[in-house]
Amino acid sequence: MRKNGLFFKTMSVSLSALLTAGVCAFTACGVTDDSSSGGKVETPEIEKIDDLTDERYINLYGRNFYNENLAGMTFVNSASGFELKFRGTSVSAKLCKIGSRDSMWSVFVDGETDSNARVLTFTDTKGVFIEKTLVEGLSEGEHIIKVLKRTPSNFDRLLVKEISSDGMFTAVPEKPSVNIAFYGDSITCGEGVLRDYKPSDSAKYTALTQNALQSYAAYAAGKLNASYEIFGRGGITLKFRNPENEPFSVLNNYKSYAVDLSVANGDCPEYDFSSTVDAVVVYLGTNDYFRRKYDTGYSPAGLEAAYIEFVEQVVGAHYGYYIPVVLCSGLMVHSSELGGCVKGAMEKLKAKYPYIAAVDFEPGVTEPSGGHPVVEDSIKAGDMLAATLKTLLETSGLM
């Protein structure tokens, strides 16, 4: 784990390895050194998890950072969260919710896939940590729970400092073998995906109608049995922002833990790209296109160049040249030049990035009236993206 002068720390494998070695020195804690099985060490059961970087007991998903000033792990991005395993019937956590809108989360128990079956809504805690129940009333026995954020980074964040149960926490299950990094805007974050749109589009974009876990990104990852992480939020541009009221774009702030947090101002540490990523998906440019009426410098050629710049600066520099990359367009403003920009960037990059592809989705059902994708669009686009990713992953030898 790395610590800097901004009083934050980030997660790394080294801390968990150190803690494991320290705990394993005390056989009274229930740790055994089984030399007959290659010296494997059993993970002792514990009553509560107070170190959310301890990879023996908790899997973290997404870009998350520990805030020492508030003493909590910060979950800010859509689809971020955690997973754990325990013996008991209930789990609770000490939480602090920050932001202008309710923070909404989905809980999955023992492999459940319906993100609307167990929904938690956290209101403002006014900077104070309050203990909240995450799940209760389960049958006695061993359970795995995964808790993931539905809502976007620009409206709310949740800090977690301690997780407890009425039983004991055991070794966490392995994460999926494939992890996909998505860089996107409201389309990727599932904004408005649950709104009413028949007989006419309600155009309601609220915490209740958002669900990143039903975006095309979620459905694609689900098809591949992969985990995924999202960087971005509704309204964000790839590059061509309105300088009068938009300080950040994905291209100028991808080194942050969230696209609206400033490393320079001490909002968070700089992201170290330490998480393992097996494929990268970029779906940006829709908001750049919408900003063309402002003095942003937007042009189709400029957007194509911005895509190339992003792939070089982010993918090439941090993930490598041989990772699968998919550039997306089409669910909104389908008849615009965005599809051509994405395809043009892909063609110019493929000599250097052999596992790159461009996907132009079919327009969403409310696209003619300017609406965001809804669930049926997400499913269809997710299937299309999953097929492309599967081919690239297999061809590259990563699946």
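Everything below is about the structure printed above this text.
About the criteria used
Residues numbered from 1 in each chain as written. Predicted model: local features only at pLDDT ≥ 70, side-chain atom pairs only at ≥ 80, totals over all residues. Heavy atoms only, no water. Axes fitted to C-alpha atoms, helices over the stretch in contact; angles between N-to-C directions. Helix = DSSP H or I, 4+ residues; strand = E, 2+ residues; numbered from the N terminus. Parallel < 35°, antiparallel > 145°, perpendicular 65-115°, else oblique. Left-handed = near helix turned anticlockwise from the far one by under 90°. Contact = heavy atoms within 4.5 Å. Nonpolar A, V, L, I, M, F, W, Y, C, P; charged D, E, K, R; others polar. Phe/Tyr/Trp six-rings, centres within 6.5 Å; stacked < 30°, edge-to-face > 60°. Buried < 20%, exposed > 50% of the residue type's maximum accessible area, 1.4 Å probe, protein only. Lys NZ or Arg CZ within 6 Å of the ring centre and 35° of its normal. Salt bridge = Lys/Arg side-chain N within 4 Å of Asp/Glu carboxyl O. Pairing = 2+ DSSP bridges.

S.K.: Looking at this structure, I do not really get the packing of helix α6 (residues 300-319) against helix α7 (residues 338-349). What am I missing?
M.R.: Axis angle and axis distance: for two packed helices, these are the angle between their axes and the distance between the axes, and together they describe the pair. At a minimum axis distance of 9 Å, the contact between α6 and α7 shows a crossing angle of 45°. With respect to their mutual orientation, α6 and α7 come out oblique. The element α6 and its partner α7 pack so that their crossing is right-handed. Listed contacts from α7 to Pro300, Leu303, Glu304, Tyr307, Ile308, Val311 and Glu312 of α6 are Leu338, Gly340, Cys341, Val342, Gly344, Ala345, Lys348 and Leu349. Here the residues of the contact of α6 with α7 sort into 10 nonpolar, 2 polar and 3 charged.

S.K.: What's the story with the packing of aromatic side chains in this structure? I'm lost.
M.R.: For any two aromatic rings, the description comes down to two numbers: the centre-to-centre distance and the angle of the planes. Under the counting rule described, the total for this entry stands at 20 aromatic pairs. Consider the rings of Tyr183 and Phe310, whose centres lie 5.2 Å apart with planes at 75°: the pair is edge-to-face. Residue Tyr183 is located in strand β15 (residues 179-184), and its partner Phe310 is located in helix α6; the two are separated by 127 residues in the primary sequence. Residue Tyr183 is classed as buried on the basis of its relative accessible area of 2%. Grouping aromatic residues by their ring pairs yields a cluster made of Phe65, Tyr183, Phe231, Tyr254, Tyr257, Tyr271, Phe273, Phe310 and Tyr319. The ring of Phe129 has Lys161 sitting right over it, with the charged end atom 4.6 Å from the ring centre. The ring of Tyr61 carries Lys175 above its face, with NZ or CZ at 4.9 Å from the centroid.

S.K.: Help me out: how do you make sense of unusual backbone geometry in this one?
M.R.: Excluding glycine, most residues fall at negative phi; most peptide bonds, likewise, are trans. Residue Pro199 follows Lys198 across a cis peptide bond; omega there is 5°. Turning to its location among the elements, Pro199 is positioned in the loop between α2 (186-189) and α3 (216-223). Of note, Ala79 is a non-glycine position whose phi angle comes to about 70°, a positive value. Looking at where Ala79 falls in the secondary structure, it is placed in the loop between β7 (72-75) and β8 (81-87).

S.K.: Explain the pattern of salt bridges to me, please; I cannot follow it from the model alone.
M.R.: Any two side chains of opposite charge can pair, so long as their charged atoms come close to each other. Per the counting criterion, the structure on display carries 17 salt bridges. A salt bridge links Lys352 to Glu312; the nearest nitrogen and oxygen atoms lie 3.2 Å apart. Of the two residues, Lys352 is situated in the loop between α7 and β19 (356-360) and Glu312 in helix α6; the sequence distance between them amounts to 40 residues. Under the relative-accessibility criterion, Lys352 is labelled partly exposed at 39%. For Glu312, a relative accessible area of 29% puts it in the partly exposed group. Between Lys390 and Glu394 there is a salt bridge whose closest N-O contact spans 2.6 Å. Of this pair, Lys390 and Glu394 both sit in helix α8 (residues 375-396), 4 residues apart, which is roughly one turn of that helix. Each of Lys48, Lys94 and Glu162 takes part in one network of salt bridges that share partners.

S.K.: Honestly, the sheet that holds strand β16 (residues 227-232) in this entry has me stumped. Any pointers?
M.R.: To summarise the sheet geometry, strands pair through backbone hydrogen bonds and adopt either a parallel or an antiparallel arrangement. Read from one edge to the other, the open sheet built from 5 strands follows the order β16-β15-β17-β18-β19, with strand pairing classed as parallel. The sheet is open, and its two borders are formed by β16 and β19, each paired with just one other strand. Neighbour-to-neighbour, the strand axes of this sheet turn through a mean angle of 20°, independent of strand direction. The sheet contact formed by strand β17 (residues 279-283) and strand β18 (residues 325-329) spans 3 bridges and is parallel. In the strand pairing of β18, Val282 is matched with Leu327.

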